[in-house]
Each structure stands twice: as C-alpha cells, then as structure tokens.
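What the coordinates show
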Amino acid sequence: MAFFARPASASAAVRIVNPNTQNELVQPTRKDSGQRRCRNVMIYGFCKYEDKGCVYYHPPAEEVFSAPLRSASPAAAATTGTSPISAHAVNAPVFVPKASSLSLASSSPAPVNRQSLASPTPSSPAPPDYHQSTEHYSYSDSEQVADLEPQYYDDPQAQYTGYSSAYAQNMEVPFYAGPSQMYMSEPLDHHLYTPAIPSTFISSSTGNHFVNPSLELRQILQERSHTSRSSALLGLNLPEELQGYHTFVPIDTVSPPDRKKFFNLNSVVYRAVNSTDGIPYVLRRIENFRLMQQAAFNPIEAWSQIRHPNIVPVHEAFTTRAFNDNSLIVVYSYYANSQTLFDVHLKHVSPSGYPQHQNGGGRITLGHSHSVPSLTHYGQHLPSSFTTSQSMRQLTPNGIPERILWSYIVQIASAIKRVHEAGLAVRTIDATKIILTGKNRVRIGSCAVWDVLTYDQHLDVVSFQHDDLQQFGRLIFALCCNNPQATTNGNFQKSLEIISKTYSHDVKSIALFLISKNHPHKNIGTVFEMINGKLLTELDDALEGMDLLENEMLSELENARLVRLLCKFGFINERPEFARDSRWSETGDRYIIKLFRDYVFHQIDEHGNPVTNMSHVLTCLNKLDAGTEEKIMLIARDDQSCLVVSYKDIKTCVEAAFSDLSRASSTR
Ligand SMILES: Nc1ncnc2c1ncn2[C@@H]1O[C@H](COP(=O)(O)OP(=O)(O)OP(=O)(O)O)[C@@H](O)[C@H]1O
C-alpha cells in the first residue's frame, strides 16, 4: 500500500512512502520540524504519536482550538485543513457534520461546506456505498496521516514548480472555497499534467530558424486550418466530384488573359478534398493536353515512391474531360498558405500596387483565393526596397540573407540528391515551382509533370540531371540578386559582382560551380562536398526546432481528453429524464456526479461570489480522467451532508452514467 507524498524538492519526482513503516512515521526530513505544527493536531486536534517520538510541535490544547480554520489564500488553507478524512471514507456513509472540536473552534459561524481537502490515501477503496449516517470518521492506525512528509506542511504553491507559467500565474490568484473553507491545491502528478519544458533546456525560447515563436506559430496554424476549410466563390463552374475528389477551390485566382502557365502550357492549381481520407490535396491541371498512351503515367509510379522533406509528394495522376477539355491532373500533397519562392523573394510590386510577375509575360496575379500569411510569418524580414518599383530594383543587392540562402541551398540540394539517386531528374528547379511551406522550409513542387508530358520523347535522364544543377545555379543567382533574370539578358557579370560584394566566397563558388557547363565532376555528390560545412548548422537548427515544437505539443497534450470529459459531463448532467430517477437523488449512487460538478465549477468565495479558477477546474478534470486515489470532500448544496470520495470513484460513476446513456441511444 503506498500513497503519493508531496515531492521533497521543486522537482516533479514523487516520493512513494510505505505508510506501514513505523519508523517513517516519525522521521523528520526537515531541520525545522520541531517548530512546525503537527499535522495531526491540525486535522484531528491531537496526535497519538506526541509522546512516541513525533518531532513536530504539539501546542497546548487551548492553542489548538483557538487556531483559525481558514485563511484568505490557498497557502493558508494548506495549513488549516479542518475535516477528518479516513482511509475508509469512501466506504463510509454520508457524513453529517456535527459540532466537533474543530467546528467549535471555528471563528466563523458559517457551517463547513464545499471544502477541497485532498488527502493522500493509502488504499484502493472498495466501491462506494452511500447511506445516510451520522457516523464520525475516527482516526485509525491504518490511516497513517502522520506519514505525510514534512513538506506537506508548506504552502502548496511555494515549492512545486511543475506548472506551466500560465497556470502558475493563475494559481497565485487567491482562491476561496466558501465562507468557512479553503481551497487547497494538490500538486499535480506528472502523469496527469505535463509541465512545459523550462526555457533553460531550449537554447531559444523565442522561436528559431525553422520554427516561429509560440504565438506566431499558433496563429499560422490557425490560418492554415482556416484556409484548408475555405470554400470557392460561386459561379466558377468547377466539377462537383472528380475521380474521388470534391470541393474544388482554385488556389490562385487569375484574370482570364493571364492564365497560369506550367512553363508553356496553361495550368491551374486547385485544392480538393479526397472522399476516401477527407484530406485536402493539390490538383494541378494541365489544360488542353491529350495523353496518347497509358504508359505515360509510368513516371507517376516512380515519383509516388519518393518521400523527402523537401519534395512535395506526388500521389496520383489521371486525365479528365470534366473541365470541358482534355486535361491532365497530377495530385500532390497540400500545404496550406504556402507561397512560391518567386512570390516571396522575386515578385515585384508594380506602380499600380498589384503584385506582378516579372518573367511571366506581363501576367498579373490578382491575389489568392485564400488568406496568405504575411511574409514575416515565415521569418522573411524583407528589405524595405522590396516594395520599390521594378526599375529601381534591377540588379540591386537586395537578395535574401545569407543564412536563409544556405538553408535553401542545403534543402534543395538534399531533394535533388534524393531524386537523382532514384534515377530521375527534378526538372522543376524554378522559383515558381519551389514552395515555402513553413519558416525557411522549402519543398520542390510540380514534380513528375514534365516526365508525363514528355514521356514519348525518350530523353536522356543524365542530361536532365545536369540541367537540374544548372537551374539550381540560376536560382541561387536570382535569389542573391533579387532578380529572376540575373543570369540572362547580359546581366551575368553585374550579378556576379553583386554576389562577390554581398555574399561570402562560398556562395559565389557554389553558384558558379552549379551554373558552369561541361565541368568534369559536376554532379550532386560534388555539390555536397562543397557545402558540407553548412550541413551541421542546418541540422542543429532543425533539431532545436524539433525541441520547440515538442514543447508546444506538450502544452496542448491534455486538451483532447479534457474536451471528451467535458462532453461526457454535458451529456449526463441535468438531464430532465433523470429528475425523477432515484439514482440521481440524494441517496442514489449518481448523486456524487452532481456534487462533483458543484465542486469543480460552482465554488464560491467567502463573499458568495463565483470563483472561476481555471487551474482548479483543469486539476480536477485531469485527476478525474486519470481516476486517482486522491480523495475529496463533496458537500451538498444545503451544507447538511458531505461525501468523501476518491476521483477513482467519481470516474466510475461518470463512466457508468455515460455508458447507460450510450447504451440507451444505441438501442433506440
Ligand atoms: N502543394 C501545394 N500546396 C499548396 N499550395 C501550392 C502547392 N503547390 C503550389 N501551390 C500554390 O499554388 C499557387 C500556384 O502555383 P504555381 O506552381 O502555378 O505557381 P505560379 O507562381 O503561378 O507559377 P506559374 O507562373 O508557372 O504558373 C502558388 O501560390 C503556390 O503557392
């Protein structure tokens, strides 16, 4: 038989004490035990070990009875508990408080009510049996209240640091349980509530290279979720259902003469939900393209095997006439609110104020059908000149910061390596086809389309792989010079100058190596030899980002189970059909649920005002969900009776009531 005692230090470790060990009953663990009032005296008015070695202070009887029974704060409450609780309390009948030595001593005339007295309990109680009785719970040898660690006498908030700062803050608010009662908060067991990782364990508590600070991160995720559920404008004449996909929404809204192009073919990108798994996907439609042979889909099979953190996964492809033409559709994973590198780094703002593609033959993108995060969301603190006119920006050193550039280089190189090793070529290393899906996280998209489109041309993969590296080099030039045409139109020399002046020698070397033609050792392996000095930085930042994300997850871990529990409460509490059910009356076994609801949600302060202490609610619900042995005293609304029950018992009642309801609803 064991029970949990308050941790001896600020750590979350819980010491398990065997209450049957006589020695431990009297072993002090703190130097000042002699000055500390014996807990038994406070609870029972006397200590049976007073003359048998108990080292705590045993005040004279008059002092005991004149001690205040409650204070205005939880801290005081911890030292002025008033009600007797026995280990067998749960089996005991309803307790009707009588004038006891403690209540006599109370300075307040108000009766005992709604007290939270969470006493450690040594036993696993038998099922509750609640009958009216006036029996007083006496202290027996087996109860071992004196087993409480000396630390138990302390302010419950003072030592335990296992709460997240938000909750800790909340718990400092003075909490009143009732006119003559105090709310005493038990420390949470670590398996009930997981504290946030202290910031000292994380090198950056304000976000890192890959992860936004907590607040921003939550907002970004909310926005993504919102975008994923947004619907299309009416009148777009989109198919209702196509090959198992429904709810089509165009991702970019473009004016008709400025149709989006997949290089030289008209292309539209939709989001649609798959009926099988309910997940949104991206469907890239190549308009007016007639596929002549089924074998053209062979590359899709090869691409669908490729899983890499920097490649947008390819799922399937099909042809359709649902858009009143012959269209090719390739399906990809969907990353809500992602933006192309072109949009983030190279798109220029025209004097009219509309964003304008530079290399798209004057096409104008009017906007997104979904909300697009501001650029700072992904950590791109762009130079102010980003909003200046195109002519002013020609070949000016407004490229991206070198740290971000290296991050892109490493990620894209890693993706290329994976594809080349699979015997394929990417063929879409282009700022308009690489999407930014998170803070400094890039993914190469639109893979496989070229392979399907040119299936019958039997082209040489090695030369395409060589092209990939050259495209990669051009992309680096474009990003450094903030100009998509940095390597064409006679801009090359000027661009090189800009890179030499603005970036490190390593950037210049890799850019020149990639863009070079006919280099004898030009392959992705050599690229990695050149950039291996940068890999560790990426790895460190990625791992740090993982720590941050895990930390974020921890703070949300309990949500689901609490919501489930609250739903159950909602189902079973105050049902009109239970009004005449004897099980819910004061003598019924379900009465406990009513009282518990009052205990959790309907506490009042000493002035009778409602107490809305969230941490009290969360603590209670977590303990209920875990079904701990810890006991609490539930007091009837008329203050005339109370029950001492464990969370385990309450959980049993809640489960039983809910399963009754579920059974009834399923047999209908
Ligand atoms: N897998 C994806 N998940 C979410 N959004 C995507 C995905 N792939 C592309 N997008 C978005 O779809 C939009 C259109 O993509 P597209 O590749 O057509 O870019 P583009 O800039 O219009 O290029 P182009 O000018 O060649 O048509 C872009 O805003 C892009 O962010």
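Residues numbered from 1 in each chain as written. Predicted model: local features only at pLDDT ≥ 70, side-chain atom pairs only at ≥ 80, totals over all residues. Heavy atoms only, no water.

Definition in use: UniProt positions are given in the numbering used here, feature names are shortened, and annotations may be inferred rather than shown by experiment.
Where an unreviewed UniProt entry is consulted, the protein appears under the name PAN2-PAN3 deadenylation complex subunit PAN3, with the organism given as Lentinula raphanica. The protein has a UniProt comment under Subcellular location (unreviewed entry) that states "Cytoplasm". Here the protein is described in UniProt, under the heading Subunit (unreviewed entry), as follows: "Homodimer. Forms a heterotrimer with a catalytic subunit PAN2 to form the poly(A)-nuclease (PAN) deadenylation complex. Interacts (via PAM-2 motif) with poly(A)-binding protein PAB1 (via PABC domain), conferring substrate specificity of the enzyme complex."

Focus on the overall build of the protein
Put simply, the rule reads: Only runs of H or I of at least four residues qualify as helices and only runs of E of at least two qualify as strands under DSSP, and these elements are numbered from the N terminus. Burial here depends on accessible area, computed with a 1.4 Å probe over protein chains only, as a share of the maximum for the residue type. Under 20% is buried, over 50% is exposed, and the range in between is partly exposed. Should any heavy atoms of two residues lie within 4.5 Å, those residues are considered in contact. The protein chains shown are the only cover counted for residues, whose accessible areas, like all others here, come from Shrake-Rupley with a 1.4 Å probe.
The helix and strand inventory of the protein stands at 21 helices and 22 strands. With 668 residues in all, the protein has 51% of them scored as buried. Here the analysis covers contacts within the protein between residues at least 6 apart in sequence; of these, 72% occur between residues at least 24 apart. Taken as a whole, the protein presents about 30,900 Å² of accessible surface, with 55% of it coming from carbon and sulfur.

Some points on the side chain of Asn613
For the record, the criterion: Here a polar contact is taken to be a pair of N or O atoms separated by no more than 3.5 Å, where protein atoms must pair a possible hydrogen donor with a possible acceptor and residues adjacent in sequence count only if both atoms sit in side chains.
The residue Asn613 is located in the loop between α19 (591-601) and α20 (614-626) in this model. By relative accessible area, Asn613 is classed as buried at 8%. A polar side-chain atom of Asn613 sits 3.1 Å from the main-chain amide nitrogen of His616.

Overview of the UniProt feature "coiled-coil region" (unreviewed entry) in the protein
According to UniProt, the "coiled-coil region" (unreviewed entry) feature falls on residues 533-571. This span, residues 533-571, is 95% helix and 0% strand, and a straight line between its end C-alpha atoms measures 60 Å.

Comments concerning the packing of aromatic side chains
Given two aromatic rings, their pairing is described by the distance between the two centres and the angle made by the two planes. So the rule is basically this: Aromatic pairing here means that ring centres of Phe, Tyr or Trp (its six-membered ring) are within 6.5 Å. Orientation follows from the plane angle: under 30 degrees is stacked, over 60 is edge-to-face, and everything else is tilted. Consider the ring centre and the ring normal. A charge sits over the ring if Lys NZ or Arg CZ is within 6 Å of that centre and within 35 degrees of that normal.
Taken as a whole and judged by the stated rule, the model has 10 aromatic pairs. Residues Phe248 and Phe323 carry aromatic rings whose centres are separated by 6.3 Å and whose planes lie at 75° to one another, so their mutual orientation is edge-to-face. On the criterion of sequence distance, the pair formed by Phe248 in strand β8 (residues 245-250) and Phe323 in the loop between β13 (314-320) and β14 (327-333) is long-range, its members being 75 residues apart. Assigned by exposure class, Phe248 and Phe323 land together as buried. Site record: aromatic cluster; members linked through ring pairs are Phe569, Phe596, Tyr599 and Tyr647. Positioned above the aromatic ring of Phe528 is the side chain of Lys417, whose terminal nitrogen or guanidinium carbon lies 5.9 Å from the ring centre. Seen from the ring of Phe464, Arg427 lies directly overhead, with NZ or CZ sitting 3.7 Å from the centre.

Concerning the packing of helix α14 (residues 461-481) against helix α15 (residues 492-502)
The cut-off we apply is this: A fitted line through C-alpha atoms represents every axis, and for helices the fit uses only the stretch in contact; the resulting angles, taken between N-to-C directions, go from 0 to 180 degrees. Throughout this description, any angle smaller than 35 degrees is read as roughly parallel, any larger than 145 degrees as roughly antiparallel, any in the 65 to 115 degree range as roughly perpendicular, and the remainder as oblique. Handedness of each helix crossing follows the sense of rotation of the near helix against the far helix: counterclockwise by less than a right angle gives left-handed, clockwise gives right-handed.
At their nearest, the axes of α14 and α15 sit 10 Å apart, and the two run at 65° to each other. Between α14 and α15, the angle is such that the two are roughly perpendicular. Along this stretch, α14 crosses α15, giving a crossing that reads as left-handed. Mapping the contact onto sequence places Phe477, Cys480 and Cys481 in α14 and Phe492, Ser495, Leu496, Ile498 and Ile499 in α15.

Points about the state of the cysteines
Applicable threshold: For the purposes of this analysis, a disulfide is any pair of cysteine sulfur atoms at a distance within 2.5 Å.
According to the stated counting rule, one finds 0 disulfides in the structure shown. No disulfide involves Cys481; its nearest neighbouring cysteine sulfur is the one of Cys480, lying 6.1 Å away.

Some points on the confidence of the model for the protein
Here is the rule we go by: Every residue gets a pLDDT, meaning the predictor's confidence in that residue, from 0 to 100.
For the protein, the average pLDDT comes to 71, and 62% of its residues sit at 70 or higher. Predicted confidence is poor over residues 64-182, with pLDDT under 50, and the contacts of this stretch with residues over four places away or in other chains come to 312 contacts.

Some points on the packing of helix α12 (residues 402-421) against helix α16 (residues 505-515)
We apply this condition: Lys, Arg, Asp and Glu make up the charged group, whereas Ala, Val, Leu, Ile, Met, Phe, Trp, Tyr, Cys and Pro make up the nonpolar group; the residues left over, Gly among them, are polar.
Orientation of α12 relative to α16, taken along the N-to-C sense of each, is 35°, at an axis distance of 11 Å. Where α12 crosses over α16, the two elements pack in a sense that is left-handed. In this structure, α12 uses Glu402, Leu405, Trp406 and Ile409 to contact α16, whose residues at the interface are Asp506, Val507 and Ile510. The residue inventory of the contact of α12 with α16, partitioned by class, reads 5 nonpolar, no polar and 2 charged.

Notes on α19
Within α19, 9 of the 11 residues are buried, which leaves the element mostly enclosed by the surrounding structure. Listed in full, the buried residues belonging to α19 are Tyr591, Ile592, Ile593, Leu595, Phe596, Arg597, Asp598, Tyr599 and Val600.

Digging into the pairing of strand β21 (residues 631-635)
Using the following cut-off: The criterion for strand pairing is that DSSP finds at least two bridges linking the strands in question.
Counting buried positions along β21 yields 5 of 5 residues, so the element is predominantly enclosed. In β21, alternate side chains face the same way, and those of Lys631, Met633 and Ile635 on one face and Ile632 and Leu634 on the other are all buried. Both β21 and strand β22 (residues 642-646) contribute to a ladder of 5 bridges, which runs antiparallel. The residue bridging Met633 from the neighbouring strand is Val644, located in β22. What sits between β21 and β22 in their antiparallel hairpin is a turn of 6 residues, with Asp639 showing a positive phi close to 60°.

Some points on the pairing of β13
Bridge count for β13 against β14 is 6 bridges, and the pairing is antiparallel. Counterpart to Thr320 in the pairing with β14 is Ser327. Once β13 ends, the chain turns through 6 residues before running back antiparallel as β14, passing Asn324 with a positive phi of about 65°.

Side note on the pattern of salt bridges
The line we're drawing: Basic side-chain nitrogens of Lys or Arg form a salt bridge, by our definition, when they fall within 4 Å of a carboxyl oxygen of Asp or Glu.
A full pass over the atoms with the stated rule returns 16 salt bridges. For Arg403, the salt bridge identified is with Asp541, shortest N-O distance 2.6 Å. Separated by 138 residues along the polypeptide, Arg403 in helix α12 and Asp541 in helix α17 (residues 524-556) bring together distant segments of the chain. Note on Arg403: relative accessible area 29%, which makes it partly exposed. A salt bridge links Asp506 to Lys534; the shortest N-O distance between them is 3.8 Å. Highlighted residues: Asp506 in helix α16 and Lys534 in helix α17, separated in sequence by 28 residues. You can call Lys534 partly exposed: its relative accessible area is 24%.

Things to note about the sheet that holds strand β15 (residues 339-340)
Neighbouring strands of a sheet are bound in pairs by backbone hydrogen bonds; such pairs are parallel or else antiparallel. The antiparallel open sheet is built from 3 strands, whose spatial order is β15-β19-β20. Looking at strand neighbours, the two that pair on one side only are β15 and β20 (441-444), the edges of this open sheet. Packing against the sheet, α12 makes contact with β19 (434-438) and β20, and its axis sits at approximately 30° to β20.

Notes on α12
Spelled out, the test is: Expected span of a helix, by definition, is 1.5 Å for each gap between consecutive residues, and there is one gap fewer than residues.
The terminal C-alpha atoms of α12 lie 28 Å apart, and with 20 residues this matches the ideal 28 Å at 1.5 Å per residue to within 8%. Gly423 occupies a position one or two residues after α12 and carries a positive phi of about 75°.

Thoughts on unusual backbone geometry
The phi dihedral of Gln243 is positive, around 50°, even though this residue is not glycine. Mapped onto the secondary structure, Gln243 falls in the loop between β7 (241-242) and β8. Phi at Asn288 takes a positive value of approximately 50°, unusual for a residue other than glycine. The residue Asn288 is located in the loop between β12 (280-286) and α9 (298-304) in this model.

Thoughts on the environment of Arg637
Considering the arrangement of structural elements, one finds Arg637 in the loop between β21 and β22. Classification of Arg637 as exposed rests on a relative accessible area of 52%. The sequence separation of Arg637 and Leu595 amounts to 42 residues, and the corresponding C-alpha distance is 8.0 Å. Of note is the side chain of Arg637, whose polar atom sits 2.7 Å from the side chain of Asp598.

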